Structures are given as C-alpha cells and as structure tokens.
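These are the residues of each chain, in order.
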Amino acid sequence: FGLRANGVMGLQLDDIKTNSFSYTAIGVSRSRYININKVHSDMSRVNAGAGTNYCISIGNSQDATTTNSFLKSVRHGMSHGGGADIGSVITRNSKVSNCSVLCTTTVGAVDIHGCCENVVYDNNYIDGGCTLGGHRCSYINKKLYRRFCYKDSRTTKHGAHRKR
C-alpha cells in the first residue's frame, strides 16, 4: 500500500500523487465519511501479476466520495468491494464523479463487487470498461470506452444510462 486507512471516521484526502505500488496506492477499509479529491495515480507501469495494482480501493466502507481524480492502472483504477473480516459491512453510499479512470489491460478500469449497495459513478471518463455488481449501483452521464459487463444481473438492480 501507498496509503492505507482502516477504521477511520471522517477521512479527507486532497491533492495526492501516487505511482508504482505493488498492491494498492490508496486503500480504505472499514471506514465512514470518506472524501477523496484530486488524486493523480499512475499504476500502469507495475507488473499486473504482483498484486491487485489498484489506484483506489474502497472496501467495507460507507459514505465515500471520490472527485476530480486521474486513475490509471494495469488492473482496476477504482474498485469498490470488501472482505469478510470482523467488523466488515457492506460498501454503500459511494459516489465517484468528474474522474478519469483508465485500465491498460482488459480486466476493467472500474470494478464494483457484489457486496456493494448504492455506488454511483456520475460524469466520469472511463477507458477500459466496467464491471458492475451489487445492488442499486449505476454509471450515469458517462463517457465509457471499450467493454462493459454486468456481474450477477439476476439478483441486482442497477443501470447504465445518460440523464436527459
């Protein structure tokens, strides 16, 4: 990890530049009221087999906002999900807006795992595709390039649309 926050209430990260970590540049877990703004993270030169190589990972956390950021990785530039540790909750009420999220391979620039609820990507440039799981998760007002894939669409309510 470049920066790891675990169990933090009221995390504020502003104007951060990261690159070349073997796991995750910024990892947030089991936290609440997270505000991440103006992150420039380029993990595109890291070996994809060395770890997850995420720019930002939000896990088992609630009420997170990520804005005005540039995230480029060989895996996911941005990921929402979590694990099964004690004290872990569903990742819910997260919004990502005005960001550029890019992936240099075919695994997807954005990944929303099944343990998420109400994760919204609004007005972002996404190059490398998206994986969408969870419940009531969506991509709106987007510029999306390359592939798009739903996870487990039988049991979830989500969408990808452009507001009029």
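To keep things clear, this report deals only with the structure shown in the data block.

Conventions adopted
- Each chain has its residues counted from 1, following the order in which its sequence is written.
- For a predicted model such as this one, the threshold for reporting local features is a pLDDT of at least 70, and the threshold for listing and counting side-chain atom pairs is 80 or more; totals across whole chains, interfaces and linings nevertheless cover every residue.
- Only hydrogens and water are removed before side-chain values are computed, so all heavy atoms of the structure are retained for them.
- For the purposes of this entry, the term helix denotes a DSSP run of H or I that reaches at least four residues, the term strand denotes a run of E that reaches at least two, and both are numbered from the N terminus.
- Using a 1.4 Å probe on the protein chains alone, a residue whose accessible area is under 20% of its type maximum counts as buried, one over 50% counts as exposed, and one in between counts as partly exposed.
- Each reported salt bridge corresponds to a side-chain nitrogen of Lys or Arg within 4 Å of a carboxyl oxygen of Asp or Glu.
- Only Phe, Tyr and Trp rings are paired, with Trp represented by its six-membered ring, and only when their centres lie within 6.5 Å; those with planes under 30 degrees apart are stacked, over 60 edge-to-face, the remainder tilted.
- Here, any two strands with at least 2 DSSP bridges between them count as paired.

For the rest of this paragraph, the subject is the environment of Gly129. Relative to the elements of secondary structure, Gly129 occurs in the loop between strand E13 (125-127) and strand E14 (130-132). Of the residues examined, Gly129 reaches a relative accessible area of 0% and is grouped as buried.

Taken as a whole and judged by the stated rule, the model has 4 salt bridges. A salt bridge links Glu117 to Arg92; the shortest N-O distance between them is 3.0 Å. Of this pair, Glu117 sits in strand E12 (residues 116-122) while Arg92 is found in strand E9 (residues 91-97), placing the two residues 25 residues apart along the sequence. Close ionic contact of Glu117 with Arg136 constitutes a salt bridge, the shortest N to O distance being 4.0 Å.

Applying the stated criterion to the full structure yields 1 aromatic pair. Between Tyr121 and Tyr139 the ring centres are 5.2 Å apart and the planes differ by 40 degrees, which places this aromatic pair in the tilted class. On the criterion of sequence distance, the pair formed by Tyr121 in strand E12 and Tyr139 in strand E15 (residues 137-140) is long-range, its members being 18 residues apart. By the burial criterion, Tyr121 is buried, and Tyr139 matches it.

So, on to the pairing of strand E10 (residues 100-103). Consecutive side chains along a regular strand alternate between the two faces of the sheet. Pairing geometry for strand E7 (residues 70-73) and E10, over 4 bridges, is parallel. Opposite Phe70, over in E10, you have Ser100 as the bridge partner. Alignment of E10 against E13, held across 3 bridges, turns out to be parallel. Note that in E13 the partner of Ser100 across the bridge is Tyr125.

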